[in-house]
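Take a look at the letters that make up each chain.
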Amino acid sequence: MAQQQSQGKEQLLSIQESDAVIEEEAAASHIEVIETVISSLDQNDTAMVSHNESGGRIWKFEYGTVEVFVQITGEEDNDTLAVWASVLQLPAQDEPRLMRKLLDMNWSDTYEASFAVYNDQVVILTHRTVADLSPVEISRAITLVASIADDNDEALQAEFGQS
């Protein structure tokens, strides 16, 4: 009986240890996937990364005519992945019409991303928790934001930019 309990404890420890290893590998893989996606999109080798004390990272790279930012706050399930790019500096010409256009585009053109206003800039962004985050979702989030930003920044600036 004591031998069975000992084996049971060893198996439990082994499972916990393997879970910890899997979690560490998954955490590393999020960062590896982000860096792989960025390197495939960053044609001019502009990518930079910054680390913070809590384990988060933020990358910046150029895609076409925009700067794209990718941030992962950590590796716990409630940490987040955020991707954003600025497309227009505010104030803008005819802001009510601009806001209507952005809301229309949010419905029809942005998929999981959306336009928003942040620090006097119109940005396109997507974010979600890292719980159950797959490499495909990471790639899609970064590619989606970069593409939508690059496809729309010049037209929005031409139509609504400051004179």
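Report on the accompanying structure. (Residues numbered from 1 in each chain as written. Predicted model: local features only at pLDDT ≥ 70, side-chain atom pairs only at ≥ 80, totals over all residues. Heavy atoms only, no water.)

**Quick look at the nonpolar core**
Right, so step 1: By size, the foremost hydrophobic cluster in this structure holds 39 residues, and its most contacted members are I34, V70, L98, F115, I124 and I142.
Right, so step 2: Residue assignment for this core shows that the elements contributing at least two residues are α1 (2–41), β2 (57–63), β3 (66–72), β4 (80–89), α2 (95–108), β6 (121–129) and α3 (135–160).
Right, so step 3: Broken down by element, this core gets its largest block of residues, 10 residues, from α3.
Right, so step 4: Leave out the neighbours within four places in its chain, and I124 touches V83, W84, A85, V87, T110, A113, S114, F115, V145, I148 and A149. (Core = buried A, V, L, I, M, F, W, Y, C linked by side-chain atoms within 4.5 Å. Buried < 20%, exposed > 50% of the residue type's maximum accessible area, 1.4 Å probe, protein only. Helix = DSSP H or I, 4+ residues; strand = E, 2+ residues; numbered from the N terminus. Contact = heavy atoms within 4.5 Å.)

**Brief notes about the sheet that holds β6**
Right, so step 1: With antiparallel pairing, the six strands of this open sheet are ordered in space as β1-β2-β3-β4-β6-β5. The sheet terminates laterally at β1 (48–51) and β5 (114–118), the two strands that pair on one side only. Within the sheet, the average angular offset between the axes of one strand and its neighbour, ignoring direction, is 25 degrees.
Right, so step 2: Across five bridges, the pairing between β5 and β6 is antiparallel. Residue pairing across strands places V117 opposite V122, the latter belonging to β6.
Right, so step 3: Along the sheet, α2 contacts β4, β5 and β6; its crossing angle with β5, the most-contacted strand, is approximately 140 degrees.
Right, so step 4: Its contacts with the sheet place α3 against β2, β3, β4, β5 and β6, and it is angled at close to 10 degrees to β4. (Pairing = 2+ DSSP bridges. Axes fitted to C-alpha atoms, helices over the stretch in contact; angles between N-to-C directions.)

**Section: the side chain of T110**
Right, so step 1: Checked against the element boundaries, T110 lands in the loop between α2 and β5.
Right, so step 2: Classification of T110 by relative accessible area gives buried; the value is 1%.
Right, so step 3: Among the polar contacts made by the side chain of T110, one reaches the main-chain carbonyl oxygen of N106 at a distance of 3.1 Å.
Right, so step 4: Setting aside its immediate chain neighbours within four residues, T110 contacts M105, F115, I124, L144 and I148. (Polar contact = N/O pair within 3.5 Å; in protein donor to acceptor, adjacent residues only side chain to side chain.)

**What to know about the pairing of β3**
Right, so step 1: Side-chain alternation along β3 places V66, V68, V70 and I72 on a buried face and E67, F69 and Q71 on a face that remains uncovered.
Right, so step 2: Direction of pairing for β2 relative to β3: antiparallel, over a ladder of seven bridges. Bridge pairing links W59 to V70 in β3.
Right, so step 3: Taken together, the five bridges between β3 and β4 define a ladder with antiparallel strand orientation. If you follow Q71 over to β4, its bridge partner there is A82.

**Some points on α3**
Right, so step 1: With 26 residues, α3 extends 36 Å between its outermost C-alpha atoms, agreeing within 8% with the 38 Å of an ideal straight helix rising 1.5 Å per residue.
Right, so step 2: Along α3, the sharpest change in direction is near 35 degrees and occurs at N152.
Right, so step 3: Buried residues of α3: I138, A141, I142, L144, V145, A146, I148, A149, N152, D153, L156 and F160, and no others. (Expected span 1.5 Å × (residues − 1). Bend = angle between axes of the 7 residues up to and from the residue.)

**Let's talk about α2**
Right, so step 1: Between its first and last C-alpha atoms α2 spans 20 Å; for 14 residues at 1.5 Å apiece the expected length is 20 Å, and the two agree.
Right, so step 2: Tucked into the core, α2 has its buried residues touching β4, β5, β6 and α3.

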